[in-house]
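Remarks on the overall topology
Residue-level listing of the chains:
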Amino acid sequence: AGALRRYRHPRATLADVAATFPPAHFAELLRLLDDGVLNKRIVVMDLLPDLVTRQSDGAAAALMMFMSPAAIVRDRDLAILRDPDRLRGVVEATLDAHPAELAEYVGTPQKPTPPKKRQKLEKAWLGKALEQSGGRADPVVLADVLGAALREKITH
């Protein structure tokens, strides 16, 4: 309930969730978390608010009442992003938004960038790319994609 209050539903209670959330759906949600399809941020920020508002008026809410968490995740494309091609776009957009820092990272033959400065910039870009993905990117895959993009920038 505290997580619901912190985010989008200040008056929601666990009873509200239980009233619209069958035990089988709760078990499925736990499996999705356990299998790594979702992370806690996605559940709290994106999925639980939809599950709590199932009692809202309208055909979409009525339809959603019968949808499983996996179906909602699929329908709204909420799963953790692990596809390197999809994450490459996030990384490129992040780097393109910071051309001065990228130039500093790449450095010049006369003035190479110190390793500590590079690490600091890499961490900053990783954080910005995670933010840009809405917290849905797998940090390990995203770091690999970012590293590959930066190596490519250095060699060109």
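Let us look at the structure shown here.

With that out of the way, let us pick up the overall build of the chain. For the chain, the helix and strand inventory stands at 10 helices and 0 strands. Across the 156 residues of the chain, 37% fall into the buried class. Excluding contacts between residues fewer than 6 apart, the proportion of contacts in the chain whose partners are at least 24 apart in sequence is 67%. Total accessible area computed for the chain in this model is approximately 9400 Å², and 58% of it derives from carbon and sulfur atoms.

Tracing the sequence through the fold places S133 in the loop between α9 (115-132) and α10 (139-155). One polar contact links the side chain of S133 to the main-chain amide nitrogen of R136, over a distance of 3.3 Å. Engagement of the side chain of S133 in a polar contact is seen with the backbone nitrogen of A137, the distance being 3.1 Å.

Next up on the list: the pattern of salt bridges. One pass over the full model with this rule turns up 7 salt bridges. We note a salt bridge from R136 to D77, for which the minimum N-O separation is 3.8 Å. Of this pair, R136 sits in the loop between α9 and α10 while D77 sits in the loop between α6 (69-76) and α7 (84-96), and the two are 59 residues apart along the sequence. In this structure R136 comes out as buried when scored by relative accessible area, which is 12%. A salt bridge links K117 to E104; the nearest nitrogen and oxygen atoms lie 3.5 Å apart. Placement of the pair is K117 in helix α9 and E104 in helix α8 (residues 99-106), with a sequence separation of 13 residues. Through salt bridges with shared partners, a single ionic network connects D77, R86 and R136.

Okay, the packing of aromatic side chains next. Tallying each qualifying case throughout the model produces 1 aromatic pair. Relative to W125, the ring of Y105 lies with its centre 5.5 Å away and its plane at 65 degrees, an arrangement referred to as edge-to-face. Here Y105 is found in helix α8, whereas its partner W125 is found in helix α9, with 20 residues between them in sequence. As far as the burial class goes, Y105 and W125 line up, both buried.

What follows covers the nonpolar core. Counting residues in hydrophobic clusters, the biggest one holds 17 residues, and the most contacted among them are L87, V91, L95, W125, L142, L146 and L150. It is α10 that provides the largest number of residues to this core, a total of 6 residues. Look past the residues within four positions of L87 in its chain and what remains in contact with it is L81, R82, A137, V141, L142 and V145. Residues L29, I72, V73 and I80 belong to the second largest nonpolar core, which totals 14 residues.

Between its terminal C-alpha atoms helix α3 (residues 23-34) stretches 16 Å, which fits the 16 Å expected from 12 residues at 1.5 Å a residue. For α3, the complete set of buried residues consists of H25, E28, L29 and L32. Here the buried residues of α3 occupy an arc of 105 degrees about the axis, which is enough to place them on one side. For α3, the exposed residues lying more than 90 degrees away from the buried face are P23 and D34. In the stretch just after α3, G36 is the one whose phi turns positive, near 80 degrees.

Parameters at a glance
- Residues numbered from 1 in each chain as written.
- Predicted model: local features only at pLDDT ≥ 70, side-chain atom pairs only at ≥ 80, totals over all residues.
- Heavy atoms only, no water.
- Helix = DSSP H or I, 4+ residues; strand = E, 2+ residues; numbered from the N terminus.
- Buried < 20%, exposed > 50% of the residue type's maximum accessible area, 1.4 Å probe, protein only.
- Contact = heavy atoms within 4.5 Å.
- Areas by Shrake-Rupley, 256 points an atom, 1.4 Å probe, with all protein chains shown as cover.
- Polar contact = N/O pair within 3.5 Å; in protein donor to acceptor, adjacent residues only side chain to side chain.
- Salt bridge = Lys/Arg side-chain N within 4 Å of Asp/Glu carboxyl O.
- Phe/Tyr/Trp six-rings, centres within 6.5 Å; stacked < 30°, edge-to-face > 60°.
- Core = buried A, V, L, I, M, F, W, Y, C linked by side-chain atoms within 4.5 Å.
- Expected span 1.5 Å × (residues − 1).
- Arc of directions from axis to C-beta.

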